[in-house]
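Each chain, letter by letter, is given below.
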Amino acid sequence: MATLLSQSSPPELDFTKQEEYGREQELDGLTRGQGTVSFELEVAEHRPAASWHHAAFHTVTAVVGAGVLGLPHAFSFLGWAAGLSLLTLLCGFSIYTSYLLAALHETPSGDRLNTYRAMGAEILGHRRGKFLVASVQFTLMVGLCITYSVTAGQSLKGMVSNDCNGKDCQEASAAAGISAWIVLFGAVQLLLSQVPDFHSLWWISLLGAAMSCGYCTIAVVLSSMQASRDGAAPHELPSELSTADRVFGVFNALGGVAFTFGGQAVLPEIQATLARPPATVHTMMRGLGISYVVVILAYYGVAISGYAAFGGGVSSDVLLNIKEPVALIAAANLMVVLHVAAAWQVFAMPIFDSVETAVRRSMRSPPRPLVMRLVLRSAYVVLVTLVACLLPFFGELMGLISSIGLMPITFILPPVMWIKARRPVGAELAINIIIAATCSVIALLSLVGSARNIAVLASEFSIFD
């Protein structure tokens, strides 16, 4: 794998069966409407101008999600050996598939595949590839927005309630539980969603990246202090859990670990904002290198310290287990809210771009950009907020979204597209097949576990009780 990652030049792609679907007409269609084009497609009106440090804090915001706070909970079902092994395996897979996406961004002719959907269409065929990628990518991004809304509500409640633990934060009524806080977070997203395009989010992503480093540091330091003071907590799961709860909990934990590697969903869109020369693969990998230093430090730090401190009793958000100092925990929860507010926008922007482009194409006289953003984006925020209020199960949502969206987009589609485009042989081919097959099995098990757990929890839940 090290040899493959060291290949700094873009691959010589083989698109012998590519279909002609008129990229020039597509770009013209995107620019016929009013306003600027999202993701800064290479048109004369708006050329990409971002550099490696922009890519770095965009990818930190996208990759280092709030799911990192759920790693100790996943470890409580998997144990030390399986938990660390799975985290290490998926971290290595994620670095490799990030390189594959960066290398596939530019075709041999120099054209840039500025979205994940365009990459799928170019490599897998226009109709089949674009539909496959779009369905998986949009499922993932909508799911992440829902999960991050739940995360924000949980953290907002944790800021004002010392009694908020994993169970209490899923209480039924809007007053006692987190529904009111999820709605408050949705109101903030209504405002942020009016930002015109992806590169305009750079300041939001910078803030999000800083916040993710901040709350991870607080979680690691305070968990380590508690483990040092009180000793390692018992690792046995609560005795009230049935055998079925434990088995399906293990399945769900597989997806919980994988959930922390969701940034690939928007890596091509981030790379589309990079200026050239030099070749964007070099700039992107430089930014990714910085982001994965943060990933490794944060993920292993939070997982190890949180599980050591709280053992089998850790909640789905490790910050909810830490009660003192109150001011510092409140600050950490605020950082979580600010980070997921930024990440919410990073994952929502491709959806906004796609829907608004479709509206511009379908109408002879499209509405003004401000009006279109206000109507379409507000409707999306309201729908996501409603679903988050109905299903506020953070740990289970991580497993579900991971299995149906994140695993395919992060670990399965990149090797499949690489095999199709590059036609590798020998060890390189075997590595790509192993990654795709292994992660397909993990995704299936996670789907079974998370779906069962959500069904059980939903049967006991009502926002009106």
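One can find the structure itself at the top, above this paragraph.
No experiment lies behind these values; they were computed from the predicted model shown.

**Student:** Sorry if this is basic, but what is going on with helix 7 (residues 179-192) here?
**Tutor:** Taking 1.5 Å per residue, 14 residues should reach 20 Å; helix 7 reaches 20 Å between its end C-alpha atoms and fits that length. Three or more residues of helix 7 are buried, namely Ser179, Ile182, Phe185, Gly186, Gln189 and Leu192. The arc enclosing the buried residues of helix 7, seen along the axis, measures out at 120 degrees, which places them on a common side.

**Student:** Which parts of the structure should I look at to understand the packing of helix 3 (residues 52-63) against helix 11 (residues 280-310)?
**Tutor:** Helix-helix packing is characterised by the crossing angle of the two axes and by the distance between the axes. It is at 8 Å that the axes of helix 3 and helix 11 come closest, and there the two elements cross at 35 degrees. Where helix 3 crosses over helix 11, the handedness of that crossing is right-handed. Contacts between helix 3 and helix 11 pair Trp52, Ala55, Ala56, Thr59, Val60 and Val63 from the former with Thr283, Met284, Arg286, Gly287, Leu288, Ile290, Ser291, Val294, Val295 and Tyr299 from the latter. A per-class count over the contact of helix 3 with helix 11 returns 11 nonpolar, four polar and one charged.

**Student:** Which parts of the structure should I look at to understand a nonpolar patch on the surface?
**Tutor:** A contiguous nonpolar surface patch, about 300 Å² in accessible area, is contributed by Ile404, Leu444, Leu447 and Val448. No other element matches helix 15 (residues 426-459), which puts three residues into the nonpolar patch. Here Leu444 lies in helix 15.

**Student:** What am I meant to see in the nonpolar core here?
**Tutor:** Note on soluble globular proteins: their nonpolar side chains tend to be buried together. One finds Leu90, Tyr299, Trp344 and Phe347 to be the most contacted residues of the largest nonpolar core, which totals 122 residues. Looking at this core, the element that brings in the most residues is helix 4 (residues 71-103), giving 16 residues.

**Student:** Is there a simple way to explain the pattern of salt bridges in this structure?
**Tutor:** Where charged atoms from two side chains of opposite charge come close, those side chains can pair. Taken as a whole, this structure holds three salt bridges when the rule is applied. We note a salt bridge from Asp230 to Arg229, for which the minimum N-O separation is 3.5 Å. What makes Asp230 exposed here is its relative accessible area of 54%. Take Arg229: its relative accessible area is 57%, and that puts it in the exposed class. The closest approach of N and O atoms between Arg377 and Glu356, which form a salt bridge, is 2.6 Å. Here Arg377, found in helix 13 (residues 369-390), pairs with Glu356, found in helix 12 (residues 326-362); they are 21 residues apart in sequence, far enough to count as distant.

**Student:** What's the story with the packing of aromatic side chains in this structure? I'm lost.
**Tutor:** Each aromatic ring pair is specified by the distance between its two centres and by the angle formed by the two planes. A full pass over the atoms with the stated rule returns 10 aromatic pairs. Between Phe352 and Tyr380, the ring centres sit 5.6 Å apart and the planes meet at 90 degrees, which makes this aromatic pair edge-to-face. In this pair, Phe352 sits in helix 12 while Tyr380 sits in helix 13, placing the two residues 28 residues apart along the sequence. With a relative accessible area of 3%, Phe352 lands in the buried category. With a relative accessible area of 13%, Tyr380 lands in the buried category. Taken together through their ring pairs, the aromatic side chains of Phe75, Trp80 and Tyr307 make up a single cluster.

Analysis parameters
- Residues numbered from 1 in each chain as written.
- Predicted model: local features only at pLDDT ≥ 70, side-chain atom pairs only at ≥ 80, totals over all residues.
- Heavy atoms only, no water.
- Helix = DSSP H or I, 4+ residues; strand = E, 2+ residues; numbered from the N terminus.
- Expected span 1.5 Å × (residues − 1).
- Buried < 20%, exposed > 50% of the residue type's maximum accessible area, 1.4 Å probe, protein only.
- Arc of directions from axis to C-beta.
- Axes fitted to C-alpha atoms, helices over the stretch in contact; angles between N-to-C directions.
- Left-handed = near helix turned anticlockwise from the far one by under 90°.
- Contact = heavy atoms within 4.5 Å.
- Nonpolar A, V, L, I, M, F, W, Y, C, P; charged D, E, K, R; others polar.
- Patch = residues over 30% accessible without salt bridge, like charges linked within 9 Å, V, L, I, M, F, W, Y side chains within 5 Å.
- Areas by Shrake-Rupley, 256 points an atom, 1.4 Å probe, with all protein chains shown as cover.
- Salt bridge = Lys/Arg side-chain N within 4 Å of Asp/Glu carboxyl O.
- Core = buried A, V, L, I, M, F, W, Y, C linked by side-chain atoms within 4.5 Å.
- Phe/Tyr/Trp six-rings, centres within 6.5 Å; stacked < 30°, edge-to-face > 60°.

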